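The lines below spell out each chain.
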Amino acid sequence: MLKLIKQTLTTSIVKQGKITCKKVGVPQGSPISPLYSNIYLNVIDQVWHSRGYPEKLSATLHRYCDDAILVCRKSASLALEKFIELVKRLSLIINHQKTRITKLKEGFNFIGFYFVKRKSPTSGRNSIYT
């Protein structure tokens, strides 16, 4: 089993017509990539909850494979700081171009969906729509 895993992690890639062997990471687009990312990043979910961050920071972590959002009721800056600390401990890199703090009323994209908080046309209550 370990031999099969190693083979999928050392797959060659074609870049600008040249074949190169990737030494780190899973090739982008690999069908096994979502499974590997969920196995590897599961530790972030566990540590986030074991440290009590949902209660202490009023911030819930929502992750889909290697994409994540933090929904915060208080300081989003502090929650993001703690999340970045966790990510750095795993030697991962945050994409700062995709990382931002916003309000639900302004909306945001996550895993191909647009989420926004607005009043429901039927009940008049605030709801989150996709």
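Residues numbered from 1 in each chain as written. Predicted model: local features only at pLDDT ≥ 70, side-chain atom pairs only at ≥ 80, totals over all residues. Heavy atoms only, no water.

Let us now look at the packing of aromatic side chains. One pass over the full model with this rule turns up three aromatic pairs. For the pair Trp-48 and Phe-83, a centre-to-centre distance of 6.3 Å together with 70° between the ring planes defines the contact as edge-to-face. Linking Trp-48 in helix α2 (residues 33-50) with Phe-83 in helix α4 (residues 76-89), this pair joins segments that are 35 residues apart in sequence. A relative accessible area of 0% means that Trp-48 is categorised as buried. Assessed through its relative accessible area of 10%, Phe-83 is described here as buried. Here the aromatic rings of Phe-108 and Phe-115 are separated by 5.4 Å at their centres, their planes lie at 15°, and the arrangement is stacked. Judged by its relative accessible area of 13%, Phe-108 falls in the buried class. Put simply, the rings of Trp-48, Tyr-53 and Phe-83 touch in pairs and so form one group of aromatic residues. (Phe/Tyr/Trp six-rings, centres within 6.5 Å; stacked < 30°, edge-to-face > 60°. Helix = DSSP H or I, 4+ residues; strand = E, 2+ residues; numbered from the N terminus. Buried < 20%, exposed > 50% of the residue type's maximum accessible area, 1.4 Å probe, protein only.)

By the definition in use, this model includes one salt bridge. Between Arg-63 and Asp-45 there is a salt bridge, and its shortest N-O distance comes to 2.8 Å. Linking Arg-63 in strand β3 (residues 59-64) with Asp-45 in helix α2, this pair joins segments that are 18 residues apart in sequence. Residue classification places Asp-45 among the buried residues on the basis of a relative accessible area of 19%. (Salt bridge = Lys/Arg side-chain N within 4 Å of Asp/Glu carboxyl O.)

Taken residue by residue, a regular strand's side chains alternate between the two faces of the sheet. Pairing geometry for strand β5 (residues 108-110) and strand β6 (residues 113-119), over three bridges, is antiparallel. Pairing of Asn-109 across the sheet is with Tyr-114, part of β6. The turn joining β5 and β6, which pair antiparallel and follow one another in sequence, is formed by two residues; a positive phi near 45° is taken by Ile-111. (Pairing = 2+ DSSP bridges.)

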